[in-house]
Amino acid sequence: MLAMACAPAVIGRRNGHDIVVRGGTVFDGTGSEGRELDLALANGRIAAIAPRIAERGREEIDARGLAVAPGFVDIHSHGDGTLAEDPRAESVIRQGITTIVVGVDGSSRATGAAEKSFSALFDSIDGWHPSPNVASMVGLGSVRGAVIGDKDRPAAPDELARMAAMVERALADGACGTSSGLEYTPGAFASLDELVALCRPNASRRLPYATHMRNEDDRVLEAIDESIAVARGAGCPLQISHLKTQGPRNWPKLDEVFRRVDNARRAGVDVAFDRYPYIAYATGLTNLFPVASRDGGIDAFLARLADPAVSPGIRQQTLAKVELIGGWDNAQITSVRAAEDRGAEGKRLGAYAKSMSSDPYELTVNMLRRNRGDVGMVGFAMSEANLERILAHPLGMVCTDGSAFAVDGPTRRGSPHPRGVGSFPRVLGRYVRERKALTLTDAIRKMTSLPASRVHLADRGRLAVGLAGDVVVFDPARVADTATFEAPFQYPVGISVVVVNGAVTLRDGQRSPGGSGRALRVV
Ligand SMILES: [Zn+2]
């Protein structure tokens, strides 16, 4: 590591401490037990950690009785989608998250192409002055889309070479890994060989391939095997995104999932995974429909739904998927584009169809047509017991998989999955304090050093002198999520102070103006 032992005295003496957090139980993020200590920040970094820091800070924070931890790192976030319109990212910051890892599920805002480079993306993120730090993977679906388009066909050799060069450039510019979304188009059209070729640039850097697997229900074991095969073929670590076994009939497969992960690790593949603490997933409503029906983009999809030659088959497969998650009332609409469907937001599809006196399948198809496919849903399809086991597993990390929004301003719209505002406090409140599924120390590790080291954020995820000044102060006895599927626009409680790069962003519910987050370029 860096020679940091002598750094703090220099930082401290030059300008004095900016912030001193006093008397809290300090968890360093590595899994060590908490200790009662003072912590000082200066010039954006941690300047001192000691039983008693004599020098006063320009800002003093009394943390007696509270936990002091590294700012949380969300290894699977969609929070970048609204950063340009609302860089406050309130739902992120108010969970204690100080770094989001975006570009996941195969979809990133840059591709590594010269005209859409990660350097330019990182510069624009810096220009937004966001509240949290932002690291990004390169999405292999976005790369494929840029080179091949929406078509379901193999990549030609020259196309594969171009895509690999884009990935290489993305990583050279500071992207923190590759991601795939194999249930989405066009990502789903990638073969195993293509994925291996595009993840090879990860190998020498030891950056992970993060995958939303090809299947998370009836073929979840095959999907695990494919994911492991990609990582083995490419020689890189594997991060299984939002691990789950969807649908009650697949819940018993979790033991076998863990067994395959263990076997792969024994064979030398560095596998780990993450999960958000809810039993409902969120996705596009089109995801209830078979991948083949979505080949070629939205116009081709809508045309097939109207084509009597293929629509009965699509209907049959979609109804099977709905049955797998337990029926139409296990699907809830989160967002629509068309004004006339606004009434569907926040409603279960079965109940909504009944209220409209229509058949739920026909209603779904018509809604997709009116909204040109742009309808969001959550599906209640996962097991609570499995969720606890996934969170508690030594290889499991905590993620939100959520969007960033606020209770006020332009990002308050639709009825988003509450995970975007509740995930981290929900783990600390419900799964640590109430259900005791994991210890506080371990939960903090899964929110900090584990994800930070996974994507090589070398000076984040731990509290040590010289590291970046990302800190969260919370009350382990009180921390909790309050957002629900019915009322998602509610901030968590019990998180009192959030510091990003040495600047207080949130204190006792009050926001500081401006954001101190920045793009994190991984080298
Ligand atoms: Zn996903």
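Basis of the calculations
Residues numbered from 1 in each chain as written. Predicted model: local features only at pLDDT ≥ 70, side-chain atom pairs only at ≥ 80, totals over all residues. Heavy atoms only, no water. Buried < 20%, exposed > 50% of the residue type's maximum accessible area, 1.4 Å probe, protein only. Helix = DSSP H or I, 4+ residues; strand = E, 2+ residues; numbered from the N terminus. Contact = heavy atoms within 4.5 Å. Polar contact = N/O pair within 3.5 Å; in protein donor to acceptor, adjacent residues only side chain to side chain. Salt bridge = Lys/Arg side-chain N within 4 Å of Asp/Glu carboxyl O. Axes fitted to C-alpha atoms, helices over the stretch in contact; angles between N-to-C directions. Parallel < 35°, antiparallel > 145°, perpendicular 65-115°, else oblique. Left-handed = near helix turned anticlockwise from the far one by under 90°. Nonpolar A, V, L, I, M, F, W, Y, C, P; charged D, E, K, R; others polar. Donors = N, O, S within 2.8 Å, 3.2 Å for Na, K, Ca; no water. Tetrahedral: all angles 85-135°; square planar, octahedral: opposite > 155°, others 65-115°. Pairing = 2+ DSSP bridges. Core = buried A, V, L, I, M, F, W, Y, C linked by side-chain atoms within 4.5 Å. pLDDT = per-residue confidence, 0-100. 1 Å grid on protein atoms, 1.4 Å probe; cavity = no way out; pocket = protein on both sides within 12 Å on 5 of 7 lines; lining within 4 Å. Points joined across faces, edges and corners; volume = space filled by probe spheres on them. Phe/Tyr/Trp six-rings, centres within 6.5 Å; stacked < 30°, edge-to-face > 60°.

Turning our eyes to something else, we now look at helix α12 (residues 360-370). For α12, every residue scored as buried is listed here: Pro-360, Tyr-361, Leu-363, Thr-364, Val-365, Met-367 and Leu-368. Those residues of α12 that are buried are in contact with α9 (298-305), α10 (311-324), β15 (331-335) and α11 (349-355). The N-cap residue of α12 is Asp-359: its side-chain oxygen and the backbone nitrogen of Tyr-361 are 3.1 Å apart.

Evaluated as defined, the whole model comprises 45 salt bridges. A salt bridge links Lys-321 to Asp-217; its shortest N-O distance comes to 2.9 Å. Highlighted residues: Lys-321 in helix α10 and Asp-217 in the loop between β11 (209-212) and α7 (220-234), separated in sequence by 104 residues. Judged by relative accessible area, Lys-321 falls into the buried class, the value being 16%. Overall, Asp-217 belongs to the buried group, its relative accessible area being 5%. Taking the shortest distance from any N to any O, the salt bridge between Arg-265 and Asp-270 comes out at 3.3 Å. Arg-265 gets classed as partly exposed once you look at its relative accessible area, which sits at 36%. Connected through shared salt-bridge partners, Asp-86, Arg-88, Glu-90, Arg-94, Asp-408 and Arg-511 make up one network.

Counting through the fold element by element, Ser-415 comes out in the loop between β17 (396-398) and α14 (419-434). For Ser-415, a relative accessible area of 8% translates into the label buried. Once residues within four sequence positions are removed from consideration, Ser-415 is found in contact with Thr-334, Glu-345, Gly-346, Phe-485 and Pro-488.

In this section: the packing of helix α6 (residues 192-203) against α7. Between α6 and α7, the least distance of the axes is 7 Å, while the angle of their chain directions is 50 degrees. The angle between α6 and α7 falls in the class oblique. Judged by the sense of rotation from one axis to the other, the crossing of α6 with α7 is right-handed. Contacts between α6 and α7 pair Leu-192, Leu-195, Val-196, Cys-199, Arg-200 and Ala-203 from the former with Glu-226, Ala-229, Val-230, Gly-233 and Ala-234 from the latter. Here the residues of the contact of α6 with α7 are counted per class, giving eight nonpolar, one polar and two charged.

This part takes up the coordination of the zinc ion. Around the zinc ion, the protein contributes the donor atoms Asp-105 (OD), Asp-105 (OD), His-212 (ND1) and His-242 (NE2), at 2.0 to 2.5 Å from the metal centre. Classification of the site at the zinc ion rests on its four donor atoms, whose angles at the metal span 54 to 134 degrees, yielding the label irregular. The sequence pattern describing where the donors of the zinc ion fall on their chain is D-x106-H-x29-H. With His-212 in strand β11 and His-242 in the loop between β12 (238-240) and α8 (254-266), this pair connects stretches of sequence that are 30 residues apart.

Another aspect to go through is the sheet that holds strand β9 (residues 138-139). What the six strands build is an open sheet, ordered β9-β10-β11-β12-β13-β17; its pairing is parallel. In this open sheet, the two edge strands, each paired with only one partner strand, are β9 and β17. Pairing analysis gives three bridges linking β12 to strand β13 (residues 271-275), with the strands arranged parallel. Along β13, the bridge assignment pairs Ile-240 with Phe-273. α6 contacts β10 (178-181) and β11 of the sheet and is inclined by roughly 155 degrees relative to β10.

Residue Thr-185 is joined to Pro-186 through a cis peptide bond whose omega torsion reads 0 degrees. Among the structural elements, Pro-186 can be located in the loop between β10 and α6. Of note, Lys-436 is a non-glycine position whose phi angle comes to about 55 degrees, a positive value. Along the chain, Lys-436 falls in the loop between α14 and α15 (440-447).

Once that is clear, we can look at the nonpolar core. One recurring pattern in soluble globular proteins is that nonpolar side chains are buried together. With 132 residues, the main nonpolar core has Phe-72, Tyr-209, Ile-240, Leu-285, Leu-288, Phe-289 and Phe-474 as its most contacted residues. In terms of residue count, α7 provides more of this core than any other element does, eight residues in total. When residues no more than four places from it in sequence are discounted, the contact partners of Leu-288 are Tyr-281, Thr-318, Lys-321, Val-322, Ile-325, Trp-328 and Met-377. Leu-37, Leu-39, Leu-41 and Ala-63 belong to the second-largest nonpolar core, a separate cluster that totals 18 residues.

Turning our attention to the confidence of the model for the protein. Residues at a pLDDT of 70 or more form 97% of the protein, whose mean pLDDT is 95. Summarising per-element confidence for the protein, the mean pLDDT is lowest in helix α1 (residues 7-15) (45) and highest in strand β6 (residues 72-74) (99). Segment residues 1-13 is flagged for pLDDT under 50; beyond a separation of four residues in sequence, or across chains, it makes eleven contacts in the model.

Next up on the list: the layout of surface pockets. By volume, the second largest pocket amounts to about 410 Å³. Around the second largest pocket sit 18 residues that line it, and Asn-215, Asp-217, Pro-290, Gln-317 and Lys-321 are the ones nearest its centre. Of the residues assigned to the lining of the second largest pocket, the class counts are eight nonpolar, three polar and seven charged.

Another point: the packing of aromatic side chains. Following the criterion strictly, the structure yields nine aromatic pairs and no others. For the ring pair Phe-118 and Phe-122, a centre distance of 5.8 Å and an interplane angle of 55 degrees mean the geometry is tilted. Separated by four residues within a single helix, Phe-118 and Phe-122 lie in helix α3 (residues 118-128), roughly one turn from each other. On the basis of relative accessible area, Phe-118 is assigned to the buried category, the value being 0%. With relative accessibility at 0%, the residue Phe-122 sits in the buried group. Pairing Phe-258 with Phe-273 gives two aromatic rings, centres 6.0 Å apart and planes at 20 degrees, and the pair type is stacked. Pair noted here: Phe-258 is in helix α8 and Phe-273 is in strand β13, with a separation of 15 residues, a long-range link.

It is worth spelling out the sheet that holds strand β7 (residues 97-102) at this point. Here three strands make up an open sheet; going across it, the order is β6-β7-β8 and the pairing parallel. The sheet terminates laterally at β6 and β8 (133-136), the two strands that pair on one side only. Shown here is a sheet whose adjacent strand axes are inclined to one another by a mean of 20 degrees, direction ignored. With four bridges connecting them, β7 and β8 associate as parallel partners. Residue Ile-100 lies in a different strand from β8, and its bridge partner there is Val-134.

Turning our attention to the packing of helix α4 (residues 140-147) against helix α5 (residues 157-172). Axis separation between α4 and α5 bottoms out at 10 Å; the angle between their running directions is 135 degrees. What the angle tells us is that α4 and α5 run oblique. α4 and α5 meet at a crossing whose hand is right-handed. Of α5, the residues touching α4 (which contributes Leu-140, Val-143, Arg-144, Ala-146 and Val-147) are Glu-159, Arg-162, Met-163, Met-166 and Val-167. Of the residues in the contact of α4 with α5, the class split is seven nonpolar, no polar and three charged.

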